[in-house]
Amino acid sequence: MEALFLDVVRLHETWMEVVFPRQLDPSAVLGKWKPETAVQSVGYYLWAVLGAPLVAVAYPLLLVGFATRFYAAKLDSAVTRFGVLGAVIVATVVWGSLTLLAHFQLPTDIMLVIGLASIVAVVSAGLAAGFSKVGGRFVSVFLAYPFAMTAIFLPPVVAAVITPAIGEIILPPSSQLAQWILDTFLTVGGINETLQGAFDLDTFGQQWGAPGLGYVLMWIGISVPLGWFLGLLVALANLIRPKSDN
């Protein structure tokens, strides 16, 4: 409970820092800034009151950031043990085996889809591992996390495309999720109508002999903004509760 209280206080101080100086990490010499005039006091406490509901909404997201940071650290430690080249080799072996299996058991067009997805997954895994080693908040948020999400999401989607039993579990919810995204986030500017008129998720790719390509591209498209979102939450978690405090 003490940790939760400290998190909420630091989150609110982060909000206060947007307008007022020395709120989050006050100077050891000057201390925390306090209002000195009536006008400053009104603005200070009004801004504090406005931040309270935002903190209430943001704190659950902060908890997601803590959880994401924890599991990202586990993956990062694995990359440290294997190295970037080792991570690429592991991904290549896994996806190469799947592509080889598809070559012997499935039609050529589906095998080509798996091969393309294999290349994307291996490259994504390598780039995610490489950018995580580069470090830096910008690189981690905008590059490492999106590629990591792609490497994580792609395998089950490709397996669903080529395996009917798995497809019955993954593809219908994916279609429902796509419809929900179209009806919510992509209503701005009629983007949803444009996408719905351009192609059908279930049939997209068949004209090129690549059935299921729509689902693969859909999850790649989801993984990038989701990676950005989780990366920003982890950056917020690092700001509110630095790693050295864990």
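What you see as residue numbers is a count from 1 along each chain, following the sequence as written. The predicted origin of the model limits local features to residues at a pLDDT of at least 70 and limits the giving and counting of side-chain atom pairs to 80 or more, whereas totals for whole chains, interfaces and linings rest on all residues. Side-chain descriptors were evaluated using all non-hydrogen atoms of the structure, hydrogens and water having been removed beforehand.

### Things to note about the overall build of the chain
Keep this limit in mind: Per the convention used, a helix needs a DSSP run of H or I reaching at least four residues, while a strand needs a run of E reaching at least two, with both numbered from the N terminus. The cut-offs for exposure are 20% and 50% of the maximum accessible area for each residue type, with area from a 1.4 Å probe on protein chains only; residues under the lower value are buried, those over the upper are exposed, and the others partly exposed. In this analysis, two residues are considered to be in contact whenever any of their non-hydrogen atoms come within 4.5 Å of each other.
If you tally the helices and strands in the chain, you get seven helices and zero strands. Taken from N to C terminus, the helices and strands of the chain fall in the order α-α-α-α-α-α-α. Buried positions account for 35% of the 246 residues belonging to the chain. The contacts of the chain with a sequence gap of at least 6 include a subset with a gap of at least 24, amounting to 67%.

### With respect to a nonpolar patch on the surface
Just so we agree on the cut-off: What makes a patch is a set of residues exposed beyond 30% relative accessible area and free of salt bridges, joined within 9 Å when like-charged and within 5 Å when nonpolar (Val, Leu, Ile, Met, Phe, Trp, Tyr). Areas reported here follow the Shrake-Rupley algorithm with a probe of radius 1.4 Å; residue values treat only the protein chains shown as occluding. Here, a salt bridge means any side-chain nitrogen of Lys or Arg that lies within 4 Å of a carboxyl oxygen of Asp or Glu.
A surface patch of nonpolar side chains, amounting to about 430 Å² of accessible area, comprises F138, F142, W228 and L232. Those elements giving two or more residues to the nonpolar patch turn out to be α4 (137-162) and α7 (213-240). Considering the arrangement of structural elements, one finds W228 in helix α7.

### So, the packing of helix α1 (residues 2-17) against α7
Two packed helices can be described by the angle between their axes and the distance between those axes. Defined as follows: The axes are straight lines fitted to the C-alpha atoms, using for helices just the contacting stretch, and the angles between their N-to-C directions are given from 0 to 180°. Every angle not falling under 35 degrees, over 145, or within 65 to 115 is termed oblique; those three ranges are roughly parallel, roughly antiparallel and roughly perpendicular. For this scheme, ten residues count as nonpolar: Ala, Val, Leu, Ile, Met, Phe, Trp, Tyr, Cys and Pro. Four count as charged, namely Asp, Glu, Lys and Arg, and the remainder, Gly too, count as polar.
Where α1 contacts α7, the two axes come as close as 9 Å, and the packing angle between them is 105 degrees. As summarised for this structure, α1 and α7 are arranged roughly perpendicular, according to the angle between their axes. Contacts from D7, R10, L11 and T14 of α1 reach α7 at L236, L239 and I240. Along the lines of polarity and charge, the residues of the contact of α1 with α7 split into four nonpolar, one polar and two charged.

### Digging into unusual backbone geometry
The phi angle at R22 is positive, at roughly 50 degrees, despite the residue not being glycine. The class of R22 is partly exposed, set by a relative accessible area of 25%.

### Let's talk about the side chain of Q23
Basically, it comes down to this: Counted as a polar contact is a pair of N or O atoms within 3.5 Å, where, for protein atoms, one must be capable of donating a hydrogen and the other of accepting one, and residues adjacent in sequence contribute only when both atoms are in side chains.
Summarising the element assignment, Q23 is placed in the loop between α1 and α2 (38-105). Within the structure, Q23 has its side chain in polar contact with the backbone oxygen of W33 (distance 3.1 Å). Dropping the residues within four chain positions of it, Q23 is found in contact with E13, M16, E17, K32, W33 and Y44.

### Looking at the pattern of salt bridges
The full count for this structure, using the stated rule, is two salt bridges. Linking D7 and R241 is a salt bridge whose minimum nitrogen-to-oxygen distance equals 2.3 Å. With a gap of 234 residues between them, D7 in helix α1 and R241 in the segment after α7 connect regions that are remote in the sequence. In this structure, E13 and K32 form a salt bridge, with 3.3 Å as the shortest nitrogen-oxygen distance. Here K32 lies in the loop between α1 and α2 and E13 lies in helix α1, a separation of 19 residues in the sequence.

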